[in-house]
Amino acid sequence: MESADSLLQMDLSAGSDDWSPTPHGHWLARMLAENDLVRGRDVLELGAGVANHTILIHWQGARSIVATEITEQLLETTRENFERNCGTEADIRFRVADWLSTEGRFDTVVSNPPFCQSGKQNRRYFLDSLILDAHKRLRPRGEIIFIQSSMADFGETERRMDRNGFDVEVVGTTSGPFRDYYFEDQEFLKEIEDVDGGYELRDGVYHEHLRVYRGKLREWAPHSNAHTPGQS
Ligand SMILES: C[S@@+](CC[C@H](N)C(=O)[O-])C[C@H]1O[C@@H](n2cnc3c(N)ncnc32)[C@H](O)[C@@H]1O
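The shown structure was predicted, so the numbers you read here are calculated from the model rather than taken from an experiment.

Q: Help me out: how do you make sense of the overall build of the protein chain in this one?
A: Counting secondary structure elements, the protein chain contains 7 helices and 8 strands. Relative to the globule expectation of 17 Å for 232 residues, the C-alpha radius of gyration of the protein chain, 18 Å, shows essentially globular dimensions. Projected onto its principal axes, the C-alpha coordinates of the protein chain cover approximately 50 × 50 × 35 Å. Burial status across the protein chain gives 47% buried among its 232 residues. In the protein chain, the proportion of contacts linking residues at least 24 apart, taken out of those at least 6 apart, comes to 76%. In the protein chain, 26 positive and 40 negative side-chain charges are present, and the distance between their average locations comes to 6 Å.

Q: Help me out: how do you make sense of the nonpolar core in this one?
A: Nonpolar side chains in soluble globular proteins tend to end up buried together. I57, F82 and V212 are the most contacted members of the largest nonpolar core, which totals 31 residues. At the level of elements, helix 1 (4-7), helix 2 (23-34), helix 3 (52-59), strand 2 (64-69), helix 4 (72-86), strand 3 (92-96), strand 5 (138-149) and strand 8 (205-217) are the ones that each hand at least two residues to this core. Discounting chain neighbours no more than four positions away, the residues touching F82 are A51, T54, I55, H58, I65, G87, A90, I92 and F94. Counting 29 residues, the second-largest nonpolar core is a separate cluster that includes F115, L130, F146 and F178.

Q: Is there a simple way to explain the environment of G15 in this structure?
A: Considering the arrangement of structural elements, one finds G15 in the loop between helix 1 and helix 2. When its relative accessible area of 38% is taken as the criterion, G15 is described as partly exposed. For the pair G15 and R39, spaced 24 residues apart in the sequence, the C-alpha separation amounts to 31 Å.

Conventions and cut-offs
Residues numbered from 1 in each chain as written. Predicted model: local features only at pLDDT ≥ 70, side-chain atom pairs only at ≥ 80, totals over all residues. Heavy atoms only, no water. Helix = DSSP H or I, 4+ residues; strand = E, 2+ residues; numbered from the N terminus. Rg over C-alpha atoms; globule rule 2.2 N^0.38 Å. Buried < 20%, exposed > 50% of the residue type's maximum accessible area, 1.4 Å probe, protein only. Contact = heavy atoms within 4.5 Å. Lys, Arg positive; Asp, Glu negative; His and termini not counted. Charge placed at Lys NZ, Arg CZ, Asp CG, Glu CD. Core = buried A, V, L, I, M, F, W, Y, C linked by side-chain atoms within 4.5 Å.

So, in structure tokens, the structure goes:
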């Protein structure tokens with residue numbers, strides 16, 4: 001089996017509009033490389049960006065992949081990087097899709113969801129949406145694997161995952177200094193003051209903690225008197 005470090009070597013290119021991987025993306029990549037999370041599984045990856053995780057998901061033995069982005073242009077970067085590193089024979093579809101608004105059922109959904117720059121009134125929107133609605137894209141006992149900052153509130157995520165039927169596992173934790181762009185958004189800096197354990201000051205330097213979560217859907221059936229016509 002290849003070492004995690006060699007799995008992290010890939011040839012990536014990005015244009016000025018593409019999301020260049022940050023420590024969040026690097027940590028999720030490391031956790032995918034060091035753990036056997038996707039082997040033999042049909043995977044939906046949301047917001048695939050420069051394909052830094054798509055490539056690993058393939059190298060780690062996923063059975064099939066659907067990789068999404070929000071525009072055709074961003075998806076083109078995903079496709080180009082993937083094909084440069086993995087060739088053109090892999091079982092992969094590239095789809096433009098707005099978050100979970102796509103078709104199919106999968107064993108695993110993987111993402112590094114937008115947060116600080118989510119552009120939503122609820123900055124946690126993409127995290128919350130994933131936790132609330134991923135079940136519509138998952139097979140029974142399916143899984144979500146994602147990375148999140150302490151600034152997005154670990155406690156909130158863990159409560160919501162439990163409430164929405166996921167057993168919660170922390171795959172790996174790390175921490176690092178704030179990105180420069182955090183300091184450019186005064187609203188953001190105010191919001192994180194309300195998050196318990198949202199950040200830590202070490203020797204005068206602001207640090208965030210990062211966790212990769214794995215949520216596994218519990219067995220469940222609707223209550224016998226549930227009114228759910230036409231719902232999935
Ligand atoms: C935090 S970046 C992660 C990119 C890449 N996976 C990584 O880790 O470096 C979030 C990605 O989600 C994409 N995105 C934003 N809104 C989206 C939406 N509504 N549906 C799908 N993807 C979206 C962005 O274009 C961006 O590539």
